[in-house]
Structure formats: C-alpha cells, structure tokens
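Chain by chain, the residues run as shown.
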Amino acid sequence: MNIDYIPLKILLNYSVFTGSAHGYGRIEYLSAMVISVIILYVGITSLVEAVKKIFNPIEPSYSIMSIIIVSLSVIVKLAIAHYFLKVGDQVKSDSLINSGEDAKLDSIVSLSILLAAGIFVLFDISLEAYLGAIISIIIIKSAIDMLSKTISQLLGEKIDPELAQEVIKTVENFPGVEGASALVLNNYGPNDWNGSIDIGVPETHTAEELDEIIRDIQLEVYYKHQIMLTAVGVYPINAQNRHITSIKDQIKEIVFSHQHINGIHGLYVDESDKEIRFDVIISLDAEDRLEVLEEVVSDVKNHFPTYKIEAFPNVDYTDR
C-alpha cells in the first residue's frame, strides 16, 4: 500500500526541530500548572480575608460608580473567559483553558460583590464576607482540580483505551499485518504524541516489503491519529502447518494456565534452530512479575524440553 503523503523523514525532523521530541512541548502543562497555583493562591488569600471580615465585620459602602464598574468588569471577564475557553479547546491548550477558567472565576467573584451590594442596599444586610468565603472555597476547589490535572499530565497518564484500540485497528487493517500489540504512547504536549507498536507479519516477507509496510503504517497513523510512531517492531508469523499450529495451541494453553497472564504475542516456533519465542503480557497486579515469567518459561520448557525458550515480559498499556 503506497500513500502519497509528506515523507516521514520530514515529519520526524520537524518534530525534532520544534523540540517536541525532547519533551519541550510539555511547557504548555508547566504554564497551566503555574496558572493553577496562582488561582489557588488567590482563592486561599481571599478566603483568609473573608474569614477575617466574618469575625471582624466592617460596614460596607457602595457607590453607583463602583457598582457600574463592577458590572462592566463582570461582562468583560465573561467575554474573556468565553474566548480563552473556546480558543483553548480548539488548539488543545491547557494554559489557555486555565486562563479562561481564571477569568470565569474572577467574574463570579465580581458577581458575588454585586449580589452582596444588592442585598445590602435592599435589606441592609451585609453578606459580603460570607459570600466571599463561599466563592473562595469554589475557587480553591477549581484550582486544585486544574492543578491535579496538569500534574497528572506532566507525570504521564494511562493511554486512552478508545484511542489505543483505534490505533491498533488502523495498523491491523494493513495488508500483510497479522496482528498488532505492545502499543506504547508518550505525550509530549497537546497534540504531540510519540509511540511504538509491534506488528506480526508472515515470515516470508522480505526486508523491502517490511520497509514499505512500516513506512505506510507510520504515515497512516500520523495523518489519521496525529501520532508519530517512532518505532515499529516486527515479529514473524509461522507459515501454517498442523505441527506448528499444534505446538502453538499447546503453548498458549500452558501460558494462560498461569495466574496474572493477560496475553501472549509474538509467538514463533523455529523448527530448524529448535527455538520458541514469545512475549508474555503480565498484569501489574502480580507481586513479582519476574517470578511469573520464570514459572511460565519453566512450564513451557518442561513440555518442550528439546526447544530453547526465549520469553520476555510485557505490559498491556492499552487495557484492550
């Protein structure tokens, strides 16, 4: 399958040139975190001031001019919040989204001042401090939510299962690909994903055929999912015959009889060199994943003593 797209080499060079390949794209998350911390600070300080006013009430005074100014500020801040949130959502910018949330929270604070002024003018009851405390708590909660989200993005989040399945489906739809697994995705900023995947292909494929398949897969995944597959691993699939099929079925049965095994891929039986190779997907719930692997290898070896066993542990990051 040939795809008339921009050469992948250019795309890779662009990734390096822009710094995304080195993680500089995550500066977006850092700036979002700084904004979240500022909002948290504002919320805490305003809560402290509100509590002081509750215990030491001060007679408020409102002028027509001040009310007009606050009213205008509410309208302006709401407009700014709407713009930042809309643009931030379009360009997937957490810092813009957080700035929009900050503007929205500011407008809520100003609105609470108007509400307090109205209540005081109409009923001669001062609720400014209490409303300030309530709004401050809302601001603090919003800031903590934003902060936890950005910290989670910086530390690294689990792959979205839906996205992972879409990528794997795209890869498996390529002619000559007989299964895809071990998908790993790394996020280096909004809309900046790098990753790797393993594919199974018939053992009869030539290096030229493999090169064409890999390049087409990388380009298709990039243009369809905006993910740069910087590595595509290849494992061979045995030609179909009854003897090898029987051995594979037995190996799968042995492997899945062990606890904490979520899958097996890359299973290949080399009759000429008497080797059995496969990767085992071991659950993170296992106390000792290496011990689980050793038990699996030992069990397979007992059933096939004339074969050399090469097995590697793996983790399914996709929850597929």
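Residues numbered from 1 in each chain as written. Predicted model: local features only at pLDDT ≥ 70, side-chain atom pairs only at ≥ 80, totals over all residues. Heavy atoms only, no water.

(A) Expanded view of unusual backbone geometry. One non-glycine residue, His 260, adopts positive backbone phi at about 70 degrees. Tracing the chain through its elements places His 260 in the loop between helix H8 (242–256) and strand E4 (261–270). On the basis of relative accessible area, His 260 is assigned to the partly exposed category, the value being 27%. Phi is positive for Lys 274, close to 55 degrees, though the residue is something other than glycine. By secondary structure assignment, the location of Lys 274 is in the loop between E4 and strand E5 (275–282). Residue Lys 274 is classed as partly exposed on the basis of its relative accessible area, which comes to 34%. (Helix = DSSP H or I, 4+ residues; strand = E, 2+ residues; numbered from the N terminus. Buried < 20%, exposed > 50% of the residue type's maximum accessible area, 1.4 Å probe, protein only.)

(B) Layout of the sheet that holds strand E1 (residues 180–187). With mixed pairing, the three strands of this open sheet are ordered in space as E1-E2-E3. Of all the strands in the sheet, just E1 and strand E3 (227–237) have a single pairing partner and so form its edges. Each strand axis lies, on average, 15 degrees off the axis of its neighbour in the sheet, ignoring direction. Pairing of E1 with strand E2 (residues 193–202) involves six bridges; the strand directions are antiparallel. Its bridge partner being in E2, Asn 186 is matched across the sheet by Asn 194. Packing against the sheet, helix H7 (residues 207–225) makes contact with E2 and E3, and its axis sits at approximately 145 degrees to E3. (Pairing = 2+ DSSP bridges. Axes fitted to C-alpha atoms, helices over the stretch in contact; angles between N-to-C directions. Contact = heavy atoms within 4.5 Å.)

(C) Focus on a negative patch on the surface. There is a patch of like negative charges on the surface, built from Glu 287, Asp 288, Glu 291, Glu 294 and Glu 295. Mapped onto the fold, Glu 291 is located in helix H9 (residues 289–303). (Patch = residues over 30% accessible without salt bridge, like charges linked within 9 Å, V, L, I, M, F, W, Y side chains within 5 Å. Areas by Shrake-Rupley, 256 points an atom, 1.4 Å probe, with all protein chains shown as cover. Salt bridge = Lys/Arg side-chain N within 4 Å of Asp/Glu carboxyl O. Lys, Arg positive; Asp, Glu negative; His and termini not counted. Charge placed at Lys NZ, Arg CZ, Asp CG, Glu CD.)

(D) View of the pattern of salt bridges. Tallying each qualifying case throughout the model produces five salt bridges. Ionic pairing is found between Glu 275 and Arg 277, a salt bridge with its closest N-O pair at 3.0 Å. Residue class for Glu 275 comes out buried when judged on its relative accessible area of 16%.

(E) Spatial organisation of the environment of Leu 293. Mapped onto the fold, Leu 293 is located in helix H9. Linking Leu 293 and His 260, residues 33 residues apart in sequence, is a C-alpha distance of 10.0 Å. When near neighbours in sequence (up to four residues on either side) are disregarded, Leu 293 contacts Val 280, Ile 282, Ala 311, Phe 312 and Pro 313.

(F) Representation of the pairing of E3 in the model. Summarising the sheet, E2 and E3 pair through 10 bridges and their orientation is parallel. Bridge pairing in E3 places Gly 200 opposite Tyr 235. Where the polypeptide runs from E2 across H7 and back to E3, its parallel neighbour, the crossover connection is right-handed. (Right-handed = clockwise from strand over helix to strand, strands pointing away.)

(G) Examining the environment of Ser 31 more closely. Looking at where Ser 31 falls in the secondary structure, it is placed in helix H2 (residues 27–55). Residue Ser 31 is classed as partly exposed on the basis of its relative accessible area of 29%. Distance from Ser 31 to Asn 98, taken between C-alpha atoms, is 9.4 Å for residues 67 residues apart in sequence.

(H) Looking closely at the packing of aromatic side chains. Evaluated as defined, the whole model comprises two aromatic pairs. Measuring from ring centre to ring centre gives 5.3 Å for Tyr 222 and Tyr 223, while their planes differ by 85 degrees; the resulting arrangement is edge-to-face. Relative accessible area serves as the criterion here: at 25%, Tyr 222 is assigned to the partly exposed category. Taking the relative accessible area as the measure of exposure, Tyr 223 reaches 30% and is therefore partly exposed. Both rings, one in Phe 304 and one in Tyr 307, keep their centres 6.1 Å apart while their planes meet at 85 degrees; by these two values the pair is edge-to-face. An identical accessibility class is assigned to Phe 304 and Tyr 307; each is buried. (Phe/Tyr/Trp six-rings, centres within 6.5 Å; stacked < 30°, edge-to-face > 60°.)

(I) Examining the nonpolar core more closely. Ranked by internal contacts, the top residues of the largest apolar core, which has 22 residues, are Ile 251, Val 255 and Phe 278. Those elements that provide at least two residues to this core are H8, E4, E5, H9 and strand E6 (308–314). Broken down by element, this core gets its largest block of residues, five residues, from H8. In this view, Ile 251 contacts Ile 264, Leu 267, Val 269, Ile 276, Phe 278 and Phe 304; residues no more than four positions away in its chain are not counted. Counting 21 residues, the second largest nonpolar core, distinct from the first, contains Leu 163, Leu 185, Ile 213 and Ile 214. (Core = buried A, V, L, I, M, F, W, Y, C linked by side-chain atoms within 4.5 Å.)

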